Amino acid sequence: MYHGSNTPQTLGADLRALRKSRGLTLSELATELDRSVGWLSQVERDKSDPSIGDLKAIAEALDVPMSMLFAHKYVPAEELGYVVRAGARRKLGSGEVGLTEELLSPDLTDDFEVVHSTFLPRSKMENPASRPTQEVGYVISGQLNLRIGDRQFTVGAGDSFRIRGEEYDWQNPHDEPAVVIWVIAPPVY
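Being a predicted model, the structure only gives us computed values, none of them experimental.

Criteria and thresholds
- Residues numbered from 1 in each chain as written.
- Predicted model: local features only at pLDDT ≥ 70, side-chain atom pairs only at ≥ 80, totals over all residues.
- Heavy atoms only, no water.
- Helix = DSSP H or I, 4+ residues; strand = E, 2+ residues; numbered from the N terminus.
- Buried < 20%, exposed > 50% of the residue type's maximum accessible area, 1.4 Å probe, protein only.
- Salt bridge = Lys/Arg side-chain N within 4 Å of Asp/Glu carboxyl O.
- Phe/Tyr/Trp six-rings, centres within 6.5 Å; stacked < 30°, edge-to-face > 60°.
- Lys NZ or Arg CZ within 6 Å of the ring centre and 35° of its normal.

Novice: Is there a simple way to think about the side chain of Glu 79 in this case?
Specialist: Note that Glu 79 resides in the loop between α4 (52-62) and β1 (90-92). Residue Glu 79 is classed as buried on the basis of its relative accessible area, which comes to 13%.

And the structure:
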């Protein structure tokens, strides 16, 4: 079974994976952060610790919540890169009201990520989105209305669905939350 590299995954490794998933070079991100390429390279190799202000700027530049960048400090070394405990999941932020997301993957260094999403009752996506990913969702509980491209679907517990770069949106017009597990490639959070 493949377990990735023997080195525990770190903040720097996740930053590198996020930068690459957005098609940014070290130079482009460093310019956006008003920092040197050397400094950013050291951060990605865990040779330099960014300040809180740096982390805020990096999170904004990569469009991820700050909470994504703090979880590494609280994982036992022997579990880092292998196990994510239920109470230690990193919160993600799509910015959508009524949607909470948590990263189930130990880090972002694989070719995919696994995300746990909870869609609150009577919530909906405000603006359609599309992203250069392939995604499969599996509904654990509840129901969700989806629009993928020009097709409409209602999915419920036990159903799965796929989005391949198409424009999509969702809504949960029901009285109970909908819980979906996603596999997304490449990682985008």
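There's plenty left to go through after this.
Novice: Would you mind going over the pattern of salt bridges with me for this structure?
Specialist: Two side chains bearing opposite charge may form a pair once their charged atoms approach each other closely. Counted by the stated rule, this structure contains 10 salt bridges. Here Glu 135 and Arg 131 are joined by a salt bridge, their closest N and O atoms 2.7 Å apart. Through salt bridges with shared partners, a single network forms among Arg 16, Arg 19 and Glu 44.

Novice: Help me out: how do you make sense of the packing of aromatic side chains in this one?
Specialist: Aromatic rings considered in pairs are described by the distance between their centres and by the relative angle of their planes. The full count for this structure, using the stated rule, is 2 aromatic pairs. Relative to Trp 170, the ring of Phe 119 lies with its centre 4.7 Å away and its plane at 70°, an arrangement referred to as edge-to-face. Highlighted residues: Phe 119 in strand β3 (residues 113-119) and Trp 170 in strand β9 (residues 168-172), separated in sequence by 51 residues. Considered together, Phe 119 and Trp 170 belong to a single accessibility category, that of buried residues. Across the ring face of Trp 39, the terminal group of Arg 35 is positioned such that the distance to the ring centre comes to 4.0 Å.

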